[in-house]
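Coordinates in review
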Amino acid sequence: MAEVRTQNGTGTSGVLAQVAHRAKVSAGTVSRVFNNSSLIPSETRCRVLSAARELGFRPRVGVRSKQIALVTEPPHKTVMGGYVNTLTQHICFALSRADAGITMITEDRIGNLTDCWFDGIIGIAWEPETIDILKSIRNIPIVWLSDNFSEFFHTIYVDCHETGRLAGDYLTRKGHRKIAVIHESDYTGLGRVDGVAEALRSCGCDPAANLLKISNKMPLHLAVKQLIDAGCTAVWVTGEDMKVLEVNWLIQELAGKRVPEEISLMGFENPGISEFQRPSLTTIASPLHEAAEKAVEIVLSDDSDTLKKVKLANRLIERNSVISLK
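The sections below set out a description of the structure shown in this document. Every value quoted in this text rests on a predicted model; they were computed, and no experiment measured them.

1. A short note on the sheet that holds strand β5 (residues 120–123)
- Taken together, the 6 strands give an open sheet; going across it, the order is β4-β3-β5-β6-β7-β13, and neighbouring strands pair in parallel fashion. Looking at strand neighbours, the two that pair on one side only are β4 (101–106) and β13 (309–312), the edges of this open sheet. Neighbour-to-neighbour, the strand axes of the sheet open up by a mean angle of 15 degrees, direction not taken into account.
- Where helix α4 (residues 83–97) meets the sheet, it contacts β3 (67–72), β4 and β5, and its direction lies at approximately 175 degrees from that of β3.

2. Structural notes on the packing of helix α2 (residues 27–34) against helix α3 (residues 42–55)
- Relative to each other, α2 and α3 sit at 90 degrees, their axes nearing to 10 Å. Considering their axes alone, α2 and α3 lie roughly perpendicular with respect to each other. Contacts between α2 and α3 pair T29, V30, V33 and F34 from the former with T44, R45, V48, L49 and A52 from the latter.
- Taken together, the residues of the contact of α2 with α3 break down into 6 nonpolar, 2 polar and 1 charged.

3. Quick look at the packing of α4 against helix α11 (residues 288–299)
- α11 packs onto α4 with a crossing angle of 45 degrees between their chain directions and a minimal axis gap of 8 Å. When the interaxial angle is binned, α4 and α11 end up oblique. α4 and α11 meet at a crossing whose hand is right-handed. From α4, Y83, T86, L87, H90, I91, A94, L95 and R97 reach across to α11, where they touch L288, H289, A291, A292, E293, V296 and V299.
- Looking at the contact of α4 with α11 residue by residue, the class counts come to 10 nonpolar, 3 polar and 2 charged.

4. Some details on helix α6 (residues 160–173)
- Between its first and last C-alpha, α6 extends 20 Å over 14 residues, near the 20 Å set by a 1.5 Å rise per residue.
- Listed in full, the buried residues belonging to α6 are C160, T163, G164, A167, G168, Y170, L171 and T172.
- At the exit of α6 stands G175, carrying a positive phi of roughly 95 degrees.

5. Some thoughts on the environment of H161
- Summarising the element assignment, H161 is placed in helix α6.
- Relative accessible area serves as the criterion here: at 28%, H161 is assigned to the partly exposed category.
- Each C-alpha atom, one on H161 and one on S185, is 14 Å from the other, the two residues being 24 residues apart in sequence.
- Here H161 is in contact with G191, D194, G195 and E198, once residues within four sequence places are set aside.

6. Re the pairing of β5
- Of the two faces of β5, the one carrying G120 and I122 and the one carrying I121 and G123 are both buried.
- Bridge analysis of β3 against β5 gives 4 bridges, and the strand direction is parallel. Bridged to L70 within β5 is I122.
- As paired elements, β5 and strand β6 (residues 142–144) share 3 bridges and run parallel to each other.

7. Let's talk about the layout of surface pockets
- Roughly 1,100 Å³ of internal volume is contained in the largest pocket.
- Taken together, 44 residues line the largest pocket, and the ones lying closest to its centre are E73, Y83, W126, E184 and D186.
- At the level of elements, α4, α5 (128–136), β7 (154–158), α6, α7 (187–202) and α11 are the ones that each hand at least two residues to the lining of the largest pocket.
- Its residues assigned to classes, the lining of the largest pocket comprises 19 nonpolar, 12 polar and 13 charged.
- In this structure, the second largest pocket is lined by 15 residues; those nearest its centre are I137, R138, N139, F152 and S304.

8. Observations concerning the state of the cysteines
- Across all of its chains, the model carries 0 disulfides by this definition.
- C205 takes part in no disulfide bond, and the closest cysteine sulfur to it belongs to C203, at a distance of 3.9 Å.
- Just so you know, C232 is unpaired, no disulfide at all, and the nearest cysteine sulfur is the one on C205, 12 Å from it.

9. Observations concerning the sheet that holds strand β10 (residues 234–237)
- Ordered in space as β9-β8-β10-β11-β12-β14, the 6 strands form an open sheet in which the pairing is mixed. The open sheet has two edge strands, β9 (211–215) and β14 (315–317), and neither has a second partner. Going from strand to strand, the sheet's axes swing by 20 degrees on average, the running direction of each strand aside.
- Bridge analysis of β10 against strand β11 (residues 264–268) gives 3 bridges, and the strand direction is parallel. Bridged to A234 within β11 is S264.
- Here α7 sits on the sheet and contacts β8 (179–183), β9, β10 and β11; the angle it forms with β8, its principal contact strand, is near 170 degrees.
- Those strands touched by helix α10 (residues 243–254) are β8, β10 and β11, and its axis lies near 165 degrees from that of β11.

Thresholds applied
- Residues numbered from 1 in each chain as written.
- Predicted model: local features only at pLDDT ≥ 70, side-chain atom pairs only at ≥ 80, totals over all residues.
- Heavy atoms only, no water.
- Pairing = 2+ DSSP bridges.
- Helix = DSSP H or I, 4+ residues; strand = E, 2+ residues; numbered from the N terminus.
- Axes fitted to C-alpha atoms, helices over the stretch in contact; angles between N-to-C directions.
- Contact = heavy atoms within 4.5 Å.
- Parallel < 35°, antiparallel > 145°, perpendicular 65-115°, else oblique.
- Nonpolar A, V, L, I, M, F, W, Y, C, P; charged D, E, K, R; others polar.
- Left-handed = near helix turned anticlockwise from the far one by under 90°.
- Expected span 1.5 Å × (residues − 1).
- Buried < 20%, exposed > 50% of the residue type's maximum accessible area, 1.4 Å probe, protein only.
- 1 Å grid on protein atoms, 1.4 Å probe; cavity = no way out; pocket = protein on both sides within 12 Å on 5 of 7 lines; lining within 4 Å.
- Points joined across faces, edges and corners; volume = space filled by probe spheres on them.
- Disulfide = S-S within 2.5 Å.

From the geometry alone we can't say anything about function, so treat these as descriptive.
Spelled out as structure tokens, the structure:
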């Protein structure tokens, strides 16, 4: 029979009885669910886990390894060397060093999240269904790698507006006044654009006339044509994926423009790739390793009541893809 612990010190048999009564199953079924037995039907498992979480019960840690669910993007959406791919690796390494069990649940099978018992969850995902499911889970620590749901989860984040301001201040100091930003259309991407707009206002430029906002949903060859036609002297491609490498190729090989002599280019860091581009790319680097370590520290702390909000900082890596116009 599984050992359990409670928030009020109730003994093992009493715990199983309370959960069993609430879920309308036997105490033996509850024990098998707590041990993640594959013999229990999914509907029954979900009912037992829901009852246990509502009552604040969980299997006792100490006689077993903590089990952590890592919610991430499905493989077909994950870019090699990108944000999700890199952060997932760092988190898995950190959990393995802490001897924690890891179950990776991709968003295309997010329903599996309620089918097993977990001691904590780390989320690197964005779909509304995923967020709704995570909001419904009680009494276990959930760590979210963004600050836009800090009222529901522990959050580790980099301020997107400050990141945009960092990029905008750098480009304007270099003399650029007509800037394009190819951005994600989500909370983070729009925040970065707002930061660049603030940097332009600070140097006396009207963002309405000098900032070209291009959603990354637009085909990149059209985005490059649009920024060239608009006379932009610099473009920042946001987000840790490969789009900046594609834009670099399109500007130089397809449009026949030189980087940085005719158009300066700035991206996000892709370790081991961006520094070997032609030219090597000036980028914004996110503290992905630090974020992963902090996420694991929080999820293993077993605190689901006092929500933590940890702010980290991006840094600028200056290479050769941005020219000074001064």
